[in-house]
Amino acid sequence: MTTHPFLDLAPLSAQHFASIEERVAGLLSTSQDVVIMQGEALLPLEGCIRGAARPGTTALNVITGPYGQTFGNWLRDCGATVVDLAVPFHTAVTAEQVREALAAHPEIDFVSLVHAEAATGNTNPVAEIGEVVREHGALFMLDAVASVAAEPLLPDAWGVDLCVIGAQKAMGGPAGVSAVSVSERAWTRLAANPQAPRRSYLSLLDWKERWIDGGRKALLHAPAQLEMLALEACVERIEAEGLDALMARHATAAAATRAGAIALGGGLSPYVHEARDAAPVATTLRAPEGVDASMLVAKALAADPVLPLVAGGGALATEMIRVNHYGPDATSGVVHASLAALGAAMGESGLAVDLEAARRAVTATWQ
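These numbers were taken from a predicted model, which means no experiment stands behind them.

The rules we used
Residues numbered from 1 in each chain as written. Predicted model: local features only at pLDDT ≥ 70, side-chain atom pairs only at ≥ 80, totals over all residues. Heavy atoms only, no water. Helix = DSSP H or I, 4+ residues; strand = E, 2+ residues; numbered from the N terminus. Buried < 20%, exposed > 50% of the residue type's maximum accessible area, 1.4 Å probe, protein only. Areas by Shrake-Rupley, 256 points an atom, 1.4 Å probe, with all protein chains shown as cover. Lys, Arg positive; Asp, Glu negative; His and termini not counted. Charge placed at Lys NZ, Arg CZ, Asp CG, Glu CD. Expected span 1.5 Å × (residues − 1). Contact = heavy atoms within 4.5 Å. Pairing = 2+ DSSP bridges. Patch = residues over 30% accessible without salt bridge, like charges linked within 9 Å, V, L, I, M, F, W, Y side chains within 5 Å. Salt bridge = Lys/Arg side-chain N within 4 Å of Asp/Glu carboxyl O. Axes fitted to C-alpha atoms, helices over the stretch in contact; angles between N-to-C directions. UniProt positions renumbered as here; feature names shortened; annotations may be inferred. Phe/Tyr/Trp six-rings, centres within 6.5 Å; stacked < 30°, edge-to-face > 60°. Core = buried A, V, L, I, M, F, W, Y, C linked by side-chain atoms within 4.5 Å. Disulfide = S-S within 2.5 Å. Parallel < 35°, antiparallel > 145°, perpendicular 65-115°, else oblique. Left-handed = near helix turned anticlockwise from the far one by under 90°. Nonpolar A, V, L, I, M, F, W, Y, C, P; charged D, E, K, R; others polar.

(A) Seen up close, the overall build of the protein chain. A tally of helices and strands in the protein chain yields 13 helices and 13 strands. Projected onto its principal axes, the C-alpha coordinates of the protein chain cover approximately 65 × 65 × 30 Å. Looking at the protein chain residue by residue over its 367 residues, the buried ones come to 54%. Surface summary for the protein chain: the accessible area is close to 14,700 Å², and the carbon and sulfur share equals 55%. Across the protein chain, the mean location of the 24 positive side-chain charges is 3 Å away from that of the 40 negative side-chain charges.

Next comes the structure, spelled out in structure tokens:
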């Protein structure tokens, strides 16, 4: 029988698993417990909400994109009273808006927020919002799946009680494994909730009681070995490049894409109005008026299928184009190629574009 690099691997020990958790904690600069969960990031996100929310909970759910909408649904499923704070997807929520919502509803004891919304291309000022939430005293859950490794993320300094990350975007790692940092007050909240999942794949408390409190000596179940090794490899790659350098690469990719799209013309424009609100992980663009975004993306991909281009999801499919310049795609070459392909597709559709101006704008920004 032949061997294969993905098969016949030595078992992943509890010690090895714990060492990967420790390196992920270092990536987050956190002293909180970090739990690596064996599934895509929706697993710990749902686990956090179902662990913290119950009848009697009043939650402020900030909606700046589709994931905020999902969180609200889970919170209501748990019997929580939900106060939705929704802002237009082309902008970001402000700390003052959060402060006003908390003042209007002093009973709020849980706040859920997405840091960067890759689906809509915006990012929210978590440091300022965290200060407001901390003053109010609510438990703070953050979806940082799209922001980790693309922009600063400091859960301890920002007062984040539950910070969920995934490796599949800026980290350049696998989608099938995720992690959450959990504060002491979050553990207390979960332990006091009789509705919190127990003896369940969604259960954070199982990891606390059987893994962390047990000295990280015995895993709950067989680990997802390939995903764990891939997570370790991507953390090693981040450590080698340097987190600051990786974040700078994403910021430059975003700025270059934005500048190049504006210079390209033809009616293409940034979907997020203000550059300060734009996420480094992905740039969203508004298709020219009267032109179907999904059609432009299809034409661009027909010329180069590996480009990180996608039309917006759902109702945004006809108007939004997303350039996913994250992880290994946060490079000048990918940005140049993406805008060139979009420009060519626009030209085929009869729009006047300036490919050379776009090229110069990208080059100037990258330098």
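Further notes follow.
(B) Main features of helix α9 (residues 225-241). Over its 17 residues, α9 runs 25 Å from end to end, which matches the ideal 24 Å to within 8%, given 1.5 Å per residue. Turning to α9, its buried residues are Gln225, Met228, Leu231, Glu232, Cys234, Val235 and Ile238. Buried residues along α9 sit against α1 (14-27), β1 (33-37) and α10 (243-264). Within two residues after α9, Gly242 carries a phi angle of roughly 100 degrees, on the positive side.

(C) Representation of the pairing of strand β7 (residues 139-143). Most of β7 is tucked away: 5 of the 5 residues are buried. Side chains of β7 alternate between two faces, with Leu139, Met141 and Asp143 and Phe140 and Leu142 buried alike. In this structure, strand β4 (residues 110-114) lies alongside β7, joined through 5 bridges in parallel fashion. Bridge pairing in β7 places Leu113 opposite Leu142. The sheet contact formed by β7 and strand β8 (residues 162-166) spans 3 bridges and is parallel.

(D) Fine view of a nonpolar patch on the surface. Together, Phe6, Leu7, Leu9 and Leu226 give the surface a local cluster of nonpolar side chains, amounting to about 390 Å² of exposed area. Overall, the relative accessible area of 54% leaves Phe6 in the exposed class.

(E) Main features of the sheet that holds β4. The 7 strands are arranged β1-β9-β8-β7-β4-β2-β3 in an open sheet whose pairing can be described as mixed. The two strands at the open ends of the sheet, each matched to only one other strand, are β1 and β3 (81-86). Adjacent strand axes in the sheet meet at a mean angle of 15 degrees when their direction is disregarded. Contacting β2 (58-63), β3, β4 and β7, helix α3 (residues 66-77) runs over the sheet at an angle of about 160 degrees to β2.

(F) Quick look at the sheet that holds strand β12 (residues 309-311). One open sheet accounts for 4 strands, arranged β10-β11-β13-β12; its pairing is antiparallel. With one partner strand each, in any of the chains shown, β10 (269-270) and β12 form the two edges of the open sheet. Pairing geometry for strand β11 (residues 283-286) and strand β13 (residues 320-323), over 4 bridges, is antiparallel. Paired with Leu285 across the strands is Ile321, a residue of β13. Running at roughly 155 degrees to β12, helix α11 (residues 293-303) makes contact with β12 and β13 of the sheet.

(G) Just the UniProt feature "domain: Aminotransferase class V" (unreviewed entry) in the protein chain, in detail. Listed under "domain: Aminotransferase class V" (unreviewed entry) in the UniProt record, and renumbered for this structure, are residues 74-249. Helix and strand shares over residues 74-249 are 40% and 17% respectively, and the end C-alpha atoms of the span are 35 Å apart.

(H) Here's a closer look at the pairing of β1. β1 sits mainly inside the fold: 5 of its 5 residues count as buried. Across the two faces of β1 the burial is the same, with Asp33, Val35 and Met37 and Val34 and Ile36 all buried. The pairing of β1 with strand β9 (residues 178-182) spans 5 bridges and is antiparallel. The partner of Ile36 across the bridge, within β9, is Ala179.

(I) Focus on the packing of aromatic side chains. In total, this model carries 4 aromatic pairs according to the counting rule given. The interplanar angle of 80 degrees and the centroid separation of 5.5 Å between the aromatic rings of Phe17 and Trp211 together place this pair among those described as edge-to-face. Taken together, the positions of Phe17 in helix α1 and Trp211 in helix α8 (residues 204-212) put the pair 194 residues apart, joining distant regions of the chain. A single burial state applies to Phe17 and to Trp211, both of which are buried. Feature note: the residues Phe17, Trp207 and Trp211 constitute an aromatic cluster, connected by ring pairs.

(J) Expanded view of the nonpolar core. Of all hydrophobic cores here, the largest spans 94 residues; its most connected members are Leu60, Ile165, Met171 and Leu231. With sequence-adjacent residues up to four places away left out, Leu231 is seen in contact with Ile20, Val24, Ile36, Ala167, Met171, Pro174 and Val177. Formed by 26 residues, the second largest nonpolar core is a distinct cluster that contains Ala330, Val335, Leu339 and Val362.

(K) Fine view of the state of the cysteines. Summed over all chains, the structure comprises 0 disulfides. A disulfide-free cysteine, Cys234 has its sulfur positioned 15 Å from the sulfur of Cys163, the nearest such atom.

(L) Spotlight on the packing of helix α7 (residues 184-191) against α8. For the pair α7 and α8, the least separation of the axes is 10 Å and the interaxial angle reads 110 degrees. It follows from the interaxial angle that α7 and α8 lie roughly perpendicular. Along this stretch, α7 crosses α8, giving a crossing that reads as left-handed. In contact with Trp187, Leu190 and Ala191 of α7, α8 contributes Leu204, Leu205, Lys208 and Ile212. The residue inventory of the contact of α7 with α8, partitioned by class, reads 6 nonpolar, no polar and 1 charged.

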